[in-house]
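Structural characterization, general
Take a look at the letters that make up each chain.
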Amino acid sequence: MKQISSRFSIAVHILSLIAVSSSKDCTGDYIAGSVNTNPVIIRRIMGMLKKAGLVDIRPGVGGASLLKERDQITLLDIYRAVEVIEDGQLFNFHDEPNPKCPVGRNIEAALRTEMKEAQTAMEQRLAQVNLSQLAAQFV
């Protein structure tokens, strides 16, 4: 299984920085300096956040601002905006287990419900935390 993409933590970092900073300060270079990564990565993730309706990006050195109030943006919104999972499924199964083996033949069916419930629990938890609550920890 793969780890959840770092895009999620970077997106949370970006939105938290925008939430606690002046919008004119939140240029791509400023954000990249805070995240300590390449501005290209920041621009890519900012594009995803914009597409999801979470941020407004002013071209050039204009900076970025939130399009929703901080208490209206949940970690689940961010998680979904940056597409950290494939096809809506957090857990994937390995390809072609041996059908002649009783475990190989049944492993997916045995685990599917457990994995779905784990994903649902995680998503419910992410839905309970908003950007305002998170940003309060940074000031």
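Use the structure listed above.
The structure contained in this document is the topic of the report that follows.

**Overview of a nonpolar patch on the surface**
The grouping of Val-20, Phe-138 and Val-139 at the surface amounts to a nonpolar patch, some 310 Å² of accessible area in total. Tracing the backbone through its elements, the reader meets Phe-138 in the segment after α6 (131-135). Using a relative accessible area of 49% as the deciding quantity, one classes Phe-138 as partly exposed.

**As for the packing of helix α2 (residues 28-35) against helix α3 (residues 39-51)**
It is at 9 Å that the axes of α2 and α3 come closest, and there the two elements cross at 110 degrees. Taken together, the axis directions place α2 and α3 in an arrangement best described as roughly perpendicular. The segment α2 lies against α3, with Gly-28, Asp-29, Ile-31, Ala-32 and Val-35 engaging Pro-39, Ile-42 and Met-46. Looking at the contact of α2 with α3 residue by residue, the class counts come to 6 nonpolar, 1 polar and 1 charged.

**Some words on the packing of helix α1 (residues 7-20) against α3**
For any two helices packed against each other, one specifies the crossing angle of their axes together with the interaxial distance. Where α1 contacts α3, the two axes come as close as 10 Å, and the packing angle between them is 80 degrees. In terms of orientation, α1 and α3 fall into the roughly perpendicular class. On the side of α1, the interface is formed by Arg-7, Ile-10, Ala-11, Ile-14, Leu-15 and Ile-18, while α3 contributes Ile-41, Ile-42, Ile-45, Met-46, Met-48 and Leu-49. For the contact of α1 with α3, the class distribution of residues is 11 nonpolar, no polar and 1 charged.

**Concerning the nonpolar core**
By size, the foremost hydrophobic cluster in this structure holds 35 residues, and its most contacted members are Phe-8, Ile-14, Ile-31, Leu-49 and Ile-78. The dominant element in this core, judged by the number of residues it contributes, is α1, at 9 residues. Excluding residues that lie within four positions of it along the chain, Ile-31 makes contacts with Ile-14, Leu-17, Ile-18, Cys-26, Ile-42 and Met-46.

**Examining the side chain of Glu-123**
With respect to the secondary-structure elements, Glu-123 resides in helix α5 (residues 102-127). Buried and without a salt bridge, Glu-123 has Arg-80 as its closest oppositely charged side chain, separated by 4.0 Å.

**Some words on the pattern of salt bridges**
Tallying each qualifying case throughout the model produces 2 salt bridges. Here Asp-56 and Arg-58 are joined by a salt bridge, their closest N and O atoms 3.9 Å apart. On the basis of relative accessible area, Asp-56 is assigned to the partly exposed category, the value being 29%.

Reading the values: the criteria
- Residues numbered from 1 in each chain as written.
- Predicted model: local features only at pLDDT ≥ 70, side-chain atom pairs only at ≥ 80, totals over all residues.
- Heavy atoms only, no water.
- Patch = residues over 30% accessible without salt bridge, like charges linked within 9 Å, V, L, I, M, F, W, Y side chains within 5 Å.
- Areas by Shrake-Rupley, 256 points an atom, 1.4 Å probe, with all protein chains shown as cover.
- Salt bridge = Lys/Arg side-chain N within 4 Å of Asp/Glu carboxyl O.
- Helix = DSSP H or I, 4+ residues; strand = E, 2+ residues; numbered from the N terminus.
- Buried < 20%, exposed > 50% of the residue type's maximum accessible area, 1.4 Å probe, protein only.
- Axes fitted to C-alpha atoms, helices over the stretch in contact; angles between N-to-C directions.
- Parallel < 35°, antiparallel > 145°, perpendicular 65-115°, else oblique.
- Contact = heavy atoms within 4.5 Å.
- Nonpolar A, V, L, I, M, F, W, Y, C, P; charged D, E, K, R; others polar.
- Core = buried A, V, L, I, M, F, W, Y, C linked by side-chain atoms within 4.5 Å.
- Lys, Arg positive; Asp, Glu negative; His and termini not counted.

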